[in-house]
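What follows is the residue order along each chain.
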Amino acid sequence: MHYSVDLPVRGTYDVVVVGAGPAGIGAAVTAARLGKTTLLVEKYGYPGGVGTYGCCTIFFRFGERGRKLVGGLAEEVIRRMDARGAASFLINDGCQMPEFRAIGDRPLLGKVITKTEDLRVVYHDILSESEVEKLFYSHLCGVVREGRCVRGIVVDCLEGPQIVEGKVFIDATGDAHLVHRAGGRTEHVGPEETMHKSIFFMAGGVTPHDPSVNAKRYKELFEAGAVPDGVWDHLGYSYQLDPGVVQLAFAHASGDACSSEDMTRMDHELRKRNFEIVDFMKREMAGYEHCFPVNAAQQVCVRSGRHICGVTKLTEESLGRDELPPEPITPIIRSYGSHSTDQKKGFCPAKRVSRGGFSAIPYGALIPDEFDNVLASGRCISVDECVMDTIRMMTTCMVTGQAAAIAASIVIEGDLSTMTQVPYAGLRRGLLDMDCILEPKAK
Ligand SMILES: Cc1cc2nc3c(=O)[nH]c(=O)nc-3n(C[C@H](O)[C@H](O)[C@H](O)COP(=O)(O)OP(=O)(O)OC[C@H]3O[C@@H](n4cnc5c(N)ncnc54)[C@H](O)[C@@H]3O)c2cc1C
């Protein structure tokens, strides 16, 4: 059956970015700052992606082993958050406790905890100031493709479906929805090979206590089988900047990130489990006697779902090499796998290996192999599943967005016919101009 409908054209832009997570924000802000007319499409009403809808308040990987890995827009965001009292370093890896004082002009090397609602506003502000046109409350639901080019996308807005045309399209949807809907090649990893799914939530009313006593008690209860089903073998939590609020993050579920049916089942499962966790914490854990849920992720949160098939793929083997891959856009640490089975029950990749030294994300991992005017950024770039751990942090995702926008801008200005023609020297210069880092710098 073939349907044909006439839809209104909303507008034509130099760069159209779909998905306002860290990667899409990086892409849209950068494209607009480079003078390109830029539209950012997002299904929620606010920016931030998993970071904001998922209650994920911690920014990792600004630095590693005393070396700075990420600057650019991610650092600008944290500096702005700090200025409004909504960011702090974490002082203790063991129990994730904020320092509760301003970061000031100290270098960003450690983990930073933020307030989610402030983050939504700061992202909104930066997008508006950069003159990005935001089309939120709007869902990408189709793609108009002509051979190796995407000519437009169909967006289901509150007004009804509309077409958006563009010169370059950036897929920052997290799960490669744009490339998939355009019929491009993608890799879809099964739940048994990927990381588990979560609905983090915040508990309020927590009073001062000794976290090490709770950690020990939890371990004993876990070993005795006296914890709720589907939880980690250790307490996963972090104290938040708001007094008495703790993020509880140790429930897990398994399912397919690209199946509406599976996502719905996991939503029900995880939300019910979170109430069981509140009851358990009240009953068993010091300081939690009067706790109550105050906020939960707005959907099942996915660490990895579908990836593009890129011109270059970041593989376990390439990450293992001592030299950097060709055309590096941002450094990464050489670690594989995550959320290993020795930390949690079930649903985890079998291995977690960490090697010394650094590798990098190659530009080619952002280029879907069947398109001339499309790029991907963020967690859906072309990678082996087992290296997701090292590329999926919000900071790194944001830089991949910045790199995609610089490449898009070079293609538009140079009237180049494909994304593979971007001269690396120009991309590298653009990243350095935006204070992004290509080789890890010492402290
Ligand atoms: C439970 C969990 C905890 C995490 N904790 C941390 C942490 O503490 N620190 C950290 O750095 N990272 C953390 N991560 C990883 C990090 O949050 C993500 O990898 C990162 O946000 C990915 O950024 P992204 O922009 O590529 O994609 P996303 O953040 O997934 O953003 C994609 C955006 O695209 C939008 N979108 C998708 N489809 C459509 C469509 N059809 N139409 C319109 N819009 C669409 C989505 O609504 C979303 O806003 C966590 C991830 C999970 C799942």
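The notes below deal with the structure included here. None of these values were measured; they are calculated from a predicted model.

## Some remarks on the sheet that holds strand 17 (residues 292-296)
Move 1: One open sheet accounts for 4 strands, arranged 15-16-14-17; its pairing is antiparallel. Two strands bound the open sheet, and with one partner strand each, they are strand 15 (237-239) and strand 17. Neighbour-to-neighbour, the strand axes of the sheet open up by a mean angle of 30°, direction not taken into account.
Move 2: Note that strand 14 (residues 201-204) and strand 17 share 4 bridges and pair antiparallel. The residue of strand 17 that forms the bridge with Met202 is Asn295.

## Section: the side chain of Ser318
Move 1: By the element assignment, Ser318 lies in helix 8 (residues 316-320).
Move 2: Ser318 sits in the buried class, given a relative accessible area of 9%.
Move 3: If we skip the residues at most four places from it in the chain, Ser318 touches Lys313 and Ser359.

## Let's talk about the pairing of strand 14
Move 1: Burial of strand 14 is two-sided: the residues Phe201 and Ala203 facing one way and the residues Met202 and Gly204 facing the other way are all buried.
Move 2: Two elements, strand 14 and strand 16 (residues 246-248), share 3 bridges in a ladder whose sense is antiparallel. Paired with Met202 across the strands is Gln247, a residue of strand 16.

## What to know about the site of the ligand
Move 1: Within the structure, the ligand sits among 31 residues, and Glu42, Ile58, Arg379, Arg392 and Met394 are positioned closest to it.
Move 2: A distance of 3.3 Å is found between an oxygen atom of the ligand and a backbone nitrogen or oxygen belonging to Pro22.
Move 3: Within the backbone of Val50, one N or O atom sits 2.9 Å away from an oxygen atom of the ligand.
Move 4: Surface burial for the ligand is 97%, taken as the share of its 1,000 Å² of free accessible area covered by protein chains.
Move 5: Put simply, the parts of the chain that give the shell around the ligand at least two residues each are helix 1 (22-33), strand 10 (139-146) and helix 10 (394-413).
Move 6: When its residues are assigned to classes, the shell around the ligand shows 16 nonpolar, 10 polar and 5 charged.

## A closer look at unusual backbone geometry
Move 1: Notably, Phe100 is not glycine yet its phi reads approximately 60°, a positive angle.
Move 2: Considering the arrangement of structural elements, one finds Phe100 in the loop between strand 7 (97-98) and strand 8 (112-114).
Move 3: According to the relative accessible area criterion, Phe100 is partly exposed, its value standing at 47%.
Move 4: A positive phi angle, near 55°, is found at Ala176, a position not held by glycine.

## Focus on the nonpolar core
Move 1: Core analysis: the largest hydrophobic core is formed by 76 residues, its most contacted members being Val77, Val112, Ile361, Tyr363, Leu375, Leu427 and Leu431.
Move 2: Among the elements that line this core, the one with the most residues is helix 10, at 13 residues.
Move 3: Once residues within four sequence positions are removed from consideration, Val77 is found in contact with Leu119, Val122, Tyr123, Ile126 and Met398.
Move 4: Counting 37 residues, the second largest nonpolar core, distinct from the first, contains Tyr44, Val206, Leu221 and Val278.

Parameters and conventions
- Residues numbered from 1 in each chain as written.
- Predicted model: local features only at pLDDT ≥ 70, side-chain atom pairs only at ≥ 80, totals over all residues.
- Heavy atoms only, no water.
- Pairing = 2+ DSSP bridges.
- Helix = DSSP H or I, 4+ residues; strand = E, 2+ residues; numbered from the N terminus.
- Axes fitted to C-alpha atoms, helices over the stretch in contact; angles between N-to-C directions.
- Buried < 20%, exposed > 50% of the residue type's maximum accessible area, 1.4 Å probe, protein only.
- Contact = heavy atoms within 4.5 Å.
- Near = heavy atom within 4 Å.
- Polar contact = N/O pair within 3.5 Å; in protein donor to acceptor, adjacent residues only side chain to side chain.
- Areas by Shrake-Rupley, 256 points an atom, 1.4 Å probe, with all protein chains shown as cover.
- Nonpolar A, V, L, I, M, F, W, Y, C, P; charged D, E, K, R; others polar.
- Core = buried A, V, L, I, M, F, W, Y, C linked by side-chain atoms within 4.5 Å.

Function cannot be read off these values alone, since they describe shape.
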